[in-house]
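In case you want the letters, here they are:
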Amino acid sequence: MKRGDGLIIVNTGGGKGKTTAALGIALRACGYGLHGVMIQFIKGSWFYGEKKSFKRLYPNFKLITLGKGFVGIIDDKLTFSEHKKAAQEALEIAKKEVQKEENDIVILDEINYAAKGKLIKVSDIIDIIKLKRKEMDLVLTGNYANKKIIDLADTVTEMKEIKHAFSKGKLAKIGIDF
Ligand code: ATP
Ligand code: MG
């Protein structure tokens, strides 16, 4: 299917919706029989709905999880070097996936946040952008997207929190937040 040159799409900001918007792209693309992968750089140590949903999108879309959960949150028992190792592994996989002929779209979930937290370097993201096939769309999510990445991107969206149920003490909800 001819779809023209690939786009670099960045979902960043402090409001909710960065990962779910990327999942929306995967869902939409599957409707055309397109192929791709989502590689998660941070999440990974607990269950979340998309882990199972991707089984329904298979073989069009695959989910690759390597991240070890959110860095520094209350139940984070892993060391910085363990997080870093997982993010580095995700990076190596990403480099391979962006060169594959079969992938139309590659989503690197929380990669901006991984760079902000020094698990990977901003130059690693730039390398991936340079490595990717020309026709491939690349979606980069996570808060604190680096200015260099924003400058390189075609479409950048900043999710801005107006309010979030969490601040009223409502905990993360099944099917909405994970
Ligand atoms: P989502 O996965 O819901 O699209 P996100 O990718 O924009 O969220 P992350 O920074 O990846 O946001 O946060 C992961 C988790 O934190 C999700 O469960 C999400 O719903 C929740 N979350 C996102 N934004 C906020 C916020 N402003 N306050 C509290 N919790 C949030
Ligand atoms: Mg997210």
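Residues numbered from 1 in each chain as written. Chains lettered and ligands numbered in written order. Predicted model: local features only at pLDDT ≥ 70, side-chain atom pairs only at ≥ 80, totals over all residues. Heavy atoms only, no water.

**Student:** I'd like to hear about the overall build of the protein, residue by residue, with values.
**Tutor:** A tally of regular secondary structure across the protein gives 6 helices and 6 strands. Starting at the N terminus and walking to the C terminus, you meet the elements of the protein as β-α-β-α-β-α-β-α-α-β-α-β. Its C-alpha radius of gyration of 16 Å places the protein within 12% of the 16 Å reference for a compact globule of 178 residues. Its C-alpha atoms put the protein at 50 × 30 × 30 Å along the principal axes. The 178 residues of the protein split such that 44% are buried. A separation of at least 24 residues holds for 79% of the contacts in the protein among residues at least 6 apart in sequence. Within the protein, one finds 32 positive and 22 negative side-chain charges whose respective centroids are separated by 4 Å. (Helix = DSSP H or I, 4+ residues; strand = E, 2+ residues; numbered from the N terminus. Rg over C-alpha atoms; globule rule 2.2 N^0.38 Å. Buried < 20%, exposed > 50% of the residue type's maximum accessible area, 1.4 Å probe, protein only. Contact = heavy atoms within 4.5 Å. Lys, Arg positive; Asp, Glu negative; His and termini not counted. Charge placed at Lys NZ, Arg CZ, Asp CG, Glu CD.)

**Student:** Give me the lowdown on the site of ligand 1, citing residues and values where you can.
**Tutor:** Taken together, 14 residues lie around ligand 1, and K16, T20, E110, E161 and D177 are the ones closest in. In this structure, an oxygen atom belonging to ligand 1 sits 2.9 Å away from a side-chain N or O atom of T19. For ligand 1, whose free accessible area comes to 570 Å², the fraction covered by protein is 80%. Looking at the shell around ligand 1 residue by residue, the class counts come to 2 nonpolar, 6 polar and 6 charged. (Near = heavy atom within 4 Å. Polar contact = N/O pair within 3.5 Å; in protein donor to acceptor, adjacent residues only side chain to side chain. Areas by Shrake-Rupley, 256 points an atom, 1.4 Å probe, with all protein chains shown as cover. Nonpolar A, V, L, I, M, F, W, Y, C, P; charged D, E, K, R; others polar.)

**Student:** Pulling in residues and values, what's your account of the coordination of the magnesium ion (ligand 2)?
**Tutor:** All of the protein donors around the magnesium ion (ligand 2) are T19 (OG1) and E110 (OE); their distances to the metal are 2.0 to 2.1 Å. Here T19, found in helix α1 (residues 18–30), pairs with E110, found in the loop between β4 (105–109) and α4 (111–116); they are 91 residues apart in sequence, far enough to count as distant. Here T19 and E110 have matching classes, each one buried. (Donors = N, O, S within 2.8 Å, 3.2 Å for Na, K, Ca; no water.)

**Student:** Quick one: what's the story with the packing of aromatic side chains, residue by residue and with numbers?
**Tutor:** Scanning the entire structure with this criterion turns up 2 aromatic pairs. Aromatic side chains F54 and F61 sit 6.5 Å apart centroid to centroid with 50° between the ring planes, which places their arrangement in the tilted category. On the accessibility criterion, F54 (5% relative accessible area) is buried. The buried category is assigned to F61, whose relative accessible area is 0%. For K116, the ring lying beneath its charged end belongs to Y144, and the centroid distance is 5.2 Å. (Phe/Tyr/Trp six-rings, centres within 6.5 Å; stacked < 30°, edge-to-face > 60°. Lys NZ or Arg CZ within 6 Å of the ring centre and 35° of its normal.)

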